[in-house]
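Spelled out from the first residue to the last, the chains are:
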Amino acid sequence: MNFSIFNWSSFLCLVTRRSFSVFSKMNNVGASSPKEFPLGLDASFEEEYSSQSSLLQDFTSIPSIDKAWTFKSDGGSQGMFSLSQPNLLANKKRRYILSCHISKGSTNAVSFQWSAFPIELSNVSMMIPSPSGSKLLVVRNPENDSPTKFEIWGPSLVEKEFCVPASVHGSVYSDGWFEGISWNSDETLIAYVAEEPAPSKPTFTTFGYKKENSTDKDCGSWKGQGDWEEEWGETYAGKRQPALFVIDVNSGEVRPVEGIGKSLSVGQVVWAPSSEGLQQYLVFVGWPSDTRKLGIKYCYNRPCALYAVRAPFSKLEVPKSGTNAASDVSPTELTQSISSAFFPRFSPDGKLLMFLSARSSVDSWAHSATHSLHRIDWSFSGKPTPDAKIVDVIPVVICPEDGCFPGLYCFSLLSRPWLSDGYTMILSSIWGSTQVIISVNVISGNISRISSGDSSFSWNVLALDGDNIIAVCSSPVDVPAIKYGSLARKASTEASWSWLDVSSPISRCSEKVTSLLSSLQFSIMKIPVRDISKNLTKGASKPYEAIFVSSKPQSRNVCDPLIVVLHGGPHSVSLSSFSKSLAFLSSLGYSLLIVNYRGSLGFGEEAVQSLLGKIGSQDVNDVLAAIDHVIEKGLADPSKIAVLGGSHGGFLTTHLIGQAPDKFAAAVARNPVCNLALMVGTSDIPDWCYAETFGDKGKSSFTEATSAEHLDAFYKKSPILHISKVRTPTLFLLGAKDLRVPMSTGLQYARALKEKGVEVKVIVFPEDNHALDRPQSDFESFLNIGVWLKKYCK
């Protein structure tokens with residue numbers, strides 16, 4: 001494919017606006033006033049707050065690499081990297097672009113010439129290059145009821161600008177899940193997903209209900225609320241139904257896609273291959289919601305399917321005799337034989353439609369599990385039909401052999417993931433405790449691990465540059481670095497890849513951080529399963545993993561205090577990639593034991609499914625066995641152990657301090673699951689409580705009207721059952737807008753601890769949801785974690 005030359009430097013100067021923040025301090029304490037300390041502090045710890053906050057600021061300022069694009073140009077390629085960095089004063093993420101010119105030498109060398117400075121993006125929600133690279137769509141989502149702005153950029157200027165009023169649609173979805181924006185092949189139309197327009201609400205006056213239409217400016221009237229509408233749970237509060245629209249790039253006219261009913265939420269739209277004179281189609285993912293919309297964030301167990309629907313603006317195919325093709329606008333379900341289908345991608349020649357599936361999650365009700373990859377031969381000459389054969393390209397791996405491919409765990413796809421042969425896809429996937437880059441031959445199903453296999457670093461593909469790969473690589477003690485992969489030689493069965501280091505300003509950090517990280521090391525440990533029973537599957541009997549981060553060996557024979565770090569989910573995984581927050585804790589002089597207990601992703605489907613119905617026992621025992629493992633190896637002092645976890649990791653944290661009350665000197669719980677009997681009636685995912693408590697019987701047992709028998713079972717699985725034994729000082733970090741694990745569950749547990757005299761500290765973030773990832777909240781959280789652990793573990 002040929003790409004037009006695009007002057008990205010000119011574009012960046014025009015599309016963005018620089019802004020600078022100045023940090024300042026104010027001291028309003030009068031000279032005669034007694035010394036006052038912030039809530040929760042005393043004189044002995046104010047200095048600790050000051051010292052740790054300075055170090056945390058150094059880690060917080062390290063940028064994150066979010067996306068990348070490449071474009072062909074004279075003498076090589078141009079690269080554009082989207083970066084983000086917390087803006088603490090504004091309590092938002094600062095987003096900016098750093099561009100470069102990529103040139104390749106004759107000896108397989110590559111050179112990146114970076115622009116002098118990054119350019120900040122202001123109020124830009126999304127940027128989507130056109131297929132040729134000659135145009136760029138910039139979307140600026142509205143605030144309040146202002147219009148959504150669409151800008152079409154050429155090489156050095158804005159060619160078109162359109163404002164779409166709220167009466168047409170609301171914000172364009174840019175969340176990475178429902179999100180979908182796709183240019184058609186001739187770059188005249190753009191399909192996208194946005195909030196449907198707000199429904200009209202009833203108007204009332206002093207005389208009662210007003211029948212005729214009324215404006216907001218009418219005196220003596222007010223708008224009522226109307227019917228309540230179900231939302232998709234956590235992070236989607238206040239978001240209206242995602243719907244499908246198409247905008248004409250030349251005229252700015254926007255049309256909704258017809259035929260999609262209210263019971264179907266849409267996302268991830270792409271244009272289907274088009275033929276001259278025939279109707280154009282859009283392929284999208286649809287999530288049905290006839291009854292309740294259960295929380296969808298991180299939940300792959302929601303049934304979904306691929307659909308094809310006629311696109312507006314395009315030419316109609318001539319209807320056959322006796323039919324009216326023009327009026328047949330209902331979408332066609334393409335994947336009726338499979339319960340889950342998402343991330344549709346067409347092959348470069350348009351002959352194959354690839355997609356991922358989470359049918360293991362849908363069938364078992366585990367919120368995430370092993371994925372599979374499928375294809376449909378796209379050979380429709382007219383309207384797509386629902387009887388297309390679905391071919392399994394990568395099936396679910398039940399129990400991997402040691403060292404072999406553990407199954408597909410892929411949570412994002414490049415918009416164009418293809419090498420030039422047209423049948424090789426490049427994906428990022430989880431492999432044990434690491435993320436790797438793999439190539440997949442979509443015809444044969446052959447899989448190759450192409451990222452470097454001689455280290456325990458984690459890799460993520462950012463973009464393809466022809467048949468080369470731009471990736472990011474990091475570890476718990478190494479900040480993200482850019483790598484450039486080239487196909488070195490082709491053997492008879494698989495390709496060989498070489499990876500070059502790319503010097504980049506993105507990887508730079510303060511001298512203090514560099515020095516501290518250089519004194520650390522990490523390894524991935526295999527932890528044998530204790531007490532293997534006959535009832536365990538082969539996959540559930542295999543060792544699980546833990547990432548151990550520690551200081552490099554020194555002459556002193558003293559172990560640093562140990563923090564046991566536990567991921568949520570529980571069907572998630574902690575990767576051997578860089579985490580600013582955990583690197584900060586390591587740099588304070590702690591070892592980290594990051595446990596991927598059985599039930600984590602990346603180890604095969606039997607390992608995932610083994611935890612369903614066994615939470616609070618199997619996962620707790622796995623964590624205790626991992627702790628004993630490092631103690632037996634002389635890597636941890638049993639008197640200086642803390643535990644830290646969020647969500648299900650908070651469930652484990654509070655279980656551990658109850659089931660092993662003498663083992664932990666301190667604990668930290670972020671939005672923890674403490675009482676399933678309370679959570680089941682207040683969470684956006686009550687089905688999670690049933691699946692994790694009752695296992696394979698959870699799906700058939702689920703009801704919105706929880707029985708007394710079920711409530712008793714939930715209580716007996718919960719950490720609150722063991723609260724009478726807890727003595728560990730515990731810090732609670734809670735988000736007041738958490739819909740996943742509502743704040744009431746953590747507060748109930750914290751209050752019960754206070755009641756029995758246990759040292760407790762609670763910090764509530766009024767505007768935060770489950771993730772606690774707003775910049776100020778994240779900063780204050782880990783600053784308090786550092787000071788709390790210093791108080792009890794050092």
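Residues numbered from 1 in each chain as written. Predicted model: local features only at pLDDT ≥ 70, side-chain atom pairs only at ≥ 80, totals over all residues. Heavy atoms only, no water.

1. Thoughts on the overall build of the protein chain
Then comes step 1: A count of helical and extended segments in the protein chain gives 15 helices and 39 strands.
Then comes step 2: Relative to its length of 794 residues, the protein chain is compact, with a C-alpha radius of gyration of 27 Å against a globular reference of 28 Å.
Then comes step 3: Seen through its principal axes, the protein chain has C-alpha atoms that stretch 85 × 80 × 70 Å.
Then comes step 4: A total of 794 residues make up the protein chain; the buried ones form 56% of that total.
Then comes step 5: Contacts in the protein chain between residues at least 24 apart in sequence constitute 65% of all its contacts with a sequence separation of at least 6.
Then comes step 6: Accessible area for the protein chain stands at about 34400 Å²; split by element, carbon and sulfur atoms hold 51% of it.
Then comes step 7: Considering the protein chain, the positive charge centre built from 74 side chains and the negative charge centre built from 77 side chains are found 2 Å apart. (Helix = DSSP H or I, 4+ residues; strand = E, 2+ residues; numbered from the N terminus. Rg over C-alpha atoms; globule rule 2.2 N^0.38 Å. Buried < 20%, exposed > 50% of the residue type's maximum accessible area, 1.4 Å probe, protein only. Contact = heavy atoms within 4.5 Å. Areas by Shrake-Rupley, 256 points an atom, 1.4 Å probe, with all protein chains shown as cover. Lys, Arg positive; Asp, Glu negative; His and termini not counted. Charge placed at Lys NZ, Arg CZ, Asp CG, Glu CD.)

2. Describing the sheet that holds strand S11 (residues 189-195)
Then comes step 1: The strand order across the open sheet formed by four strands is S10-S11-S15-S16, and the pairing between neighbours is antiparallel. Here the strands that pair on one side only, and so sit at the sheet edges, are strand S10 (181-183) and strand S16 (254-256). Neighbouring strand axes in the sheet, compared pairwise and without regard to direction, differ in orientation by 25° on average.
Then comes step 2: Taken together, the three bridges between S10 and S11 define a ladder with antiparallel strand orientation. Counterpart to Ile181 in the pairing with S11 is Tyr192. (Pairing = 2+ DSSP bridges. Axes fitted to C-alpha atoms, helices over the stretch in contact; angles between N-to-C directions.)

3. So, the packing of helix H6 (residues 580-587) against helix H15 (residues 775-793)
Then comes step 1: In contact at an axis separation of 11 Å, H6 and H15 are set at 25° when each is read in the N-to-C sense. The angle between H6 and H15 falls in the class roughly parallel. Between H6 and H15 lies a crossing whose hand is right-handed. Each of Ser581, Phe584 and Leu585 in H6 lies in contact with H15, whose residues at this interface are Asp778, Phe782, Ile785 and Gly786.
Then comes step 2: Residue classes in the contact of H6 with H15 are distributed as four nonpolar, two polar and one charged. (Parallel < 35°, antiparallel > 145°, perpendicular 65-115°, else oblique. Left-handed = near helix turned anticlockwise from the far one by under 90°. Nonpolar A, V, L, I, M, F, W, Y, C, P; charged D, E, K, R; others polar.)

4. Structural notes on the pairing of strand S7 (residues 136-140)
Then comes step 1: Among the five residues in S7, five count as buried, and that is most of the element.
Then comes step 2: The pairing of strand S6 (residues 126-129) with S7 spans four bridges and is antiparallel. Residue pairing across strands places Ile128 opposite Leu137, the latter belonging to S7.
Then comes step 3: Here S6 folds back onto S7, and the loop between the two strands holds six residues, one of which, Gly133, carries a positive phi near 80°.

5. Focus: the pattern of salt bridges
Then comes step 1: In this structure the tally under the stated criterion is 26 salt bridges.
Then comes step 2: For Arg140, the salt bridge identified is with Glu151, shortest N-O distance 2.7 Å. Here Glu151 lies in strand S8 (residues 148-153) and Arg140 lies in strand S7, a separation of 11 residues in the sequence. Each member of the pair, Arg140 together with Glu151, is buried.
Then comes step 3: Ionic pairing is found between Asp628 and Arg530, a salt bridge with its closest N-O pair at 2.3 Å. Of the two residues, Asp628 is situated in helix H8 (residues 618-632) and Arg530 in the loop between strand S32 (520-527) and helix H5 (538-541); the sequence distance between them amounts to 98 residues.
Then comes step 4: When its relative accessible area of 18% is taken as the criterion, Asp628 is described as buried.
Then comes step 5: By sharing partners, the salt bridges in this structure join Glu230, Arg292 and Glu704 into a single network. (Salt bridge = Lys/Arg side-chain N within 4 Å of Asp/Glu carboxyl O.)

6. Notes on the environment of Asn250
Then comes step 1: Within the secondary structure, Asn250 sits in the loop between strand S15 (242-248) and S16.
Then comes step 2: A sequence separation of 90 residues divides Asn250 from Lys160, and the C-alpha atoms of the two residues are 7.8 Å apart.
Then comes step 3: Ignoring sequence-local partners within four residues, the contact set of Asn250 consists of Lys160, Phe162 and Thr188.

7. Some remarks on helix H14 (residues 743-755)
Then comes step 1: Over its 13 residues, H14 runs 18 Å from end to end, which matches the ideal 18 Å to within 8%, given 1.5 Å per residue.
Then comes step 2: Next to the buried residues of H14 lie helix H9 (648-659), helix H10 (676-679), strand S38 (730-735) and strand S39 (760-765).
Then comes step 3: Just beyond H14, the residue with positive phi is Gly757, at close to 90°. (Expected span 1.5 Å × (residues − 1).)

8. Looking at the pairing of strand S22 (residues 352-357)
Then comes step 1: Of all the six residues making up S22, six are buried; the element is thus mostly covered by neighbouring parts of the structure.
Then comes step 2: Side-chain alternation along S22 places Leu352, Met354 and Leu356 on one buried face and Leu353, Phe355 and Ser357 on a second face that is also buried.
Then comes step 3: Summarising the sheet, strand S21 (residues 342-346) and S22 pair through three bridges and their orientation is antiparallel. Residue Phe346 lies in a different strand from S22, and its bridge partner there is Leu353.
Then comes step 4: Count of turn residues in the S21/S22 antiparallel hairpin: five residues, of which Gly350 carries a positive phi of about 75°.

9. Considering helix H11 (residues 686-694)
Then comes step 1: Among the nine residues in H11, eight count as buried, and that is most of the element.
Then comes step 2: Taken residue by residue, H11 has Pro686, Asp687, Trp688, Cys689, Tyr690, Ala691, Glu692 and Thr693 as its buried positions.
Then comes step 3: A positive backbone phi angle near 65° is found at Gly695, which sits one or two residues after H11.

10. Digging into the packing of aromatic side chains
Then comes step 1: Going through the model one piece at a time under the given rule, you end up with 33 aromatic pairs.
Then comes step 2: Plain terms: the ring middles of Phe457 and Phe522 are 6.0 Å apart, the flat faces sit at 65° to each other, and that makes the pair edge-to-face. Of this pair, Phe457 sits in the loop between strand S27 (447-449) and strand S28 (458-465) while Phe522 sits in strand S32; the two residues are 65 residues apart in sequence, bridging distant segments of the chain.
Then comes step 3: The class for Phe457 is partly exposed, based on a relative accessible area of 24%.
Then comes step 4: On the basis of an interplanar angle of 25° and a centroid distance of 6.4 Å, the ring pair of Trp497 and Trp499 is categorised as stacked. (Phe/Tyr/Trp six-rings, centres within 6.5 Å; stacked < 30°, edge-to-face > 60°.)

11. Digging into the side chain of Ser474
Then comes step 1: With respect to the helices and strands, the residue Ser474 is situated in strand S29 (residues 468-475).
Then comes step 2: A relative accessible area of 7% means that Ser474 is categorised as buried.
Then comes step 3: Not counting residues up to four positions away in its chain, the partners in contact with Ser474 are Phe457, Ser458, Val479, Pro480, Ser576, Ser577 and Phe578.

12. Some points on the packing of H8 against H9
Then comes step 1: At a minimum axis distance of 10 Å, the contact between H8 and H9 shows a crossing angle of 70°. As the angle between them shows, H8 and H9 are arranged roughly perpendicular. Touching Asp619, Val620, Val623 and Leu624 of H8 are His648, Phe651, Leu652, His655, Leu656 and Gln659, all from H9.
Then comes step 2: Split into classes, the residues belonging to the contact of H8 with H9 amount to six nonpolar, three polar and one charged.

13. Overview of the sheet that holds S8
Then comes step 1: Read across the open sheet, the four strands follow the order S6-S7-S8-S9; overall the sheet is antiparallel. Either end of the sheet is taken by a strand with one partner, and the two such strands are S6 and strand S9 (158-164). Averaged over all pairs of adjacent strands, the angle between their axes in this sheet comes to 15°, without regard to strand direction.

14. Points about unusual backbone geometry
Then comes step 1: Residue Pro570 follows Gly569 across a cis peptide bond; omega there is 10°.
Then comes step 2: Tracing the backbone shows Pro570 in the loop between strand S34 (562-566) and H6.
Then comes step 3: In this structure, Glu187 takes a positive phi of about 60° despite not being glycine.
Then comes step 4: Considering the arrangement of structural elements, one finds Glu187 in the loop between S10 and S11.
Then comes step 5: Exposure remark for Glu187: the relative accessible area of 8% places this residue in the buried category.

Honestly, it's all geometry; don't read function into it.
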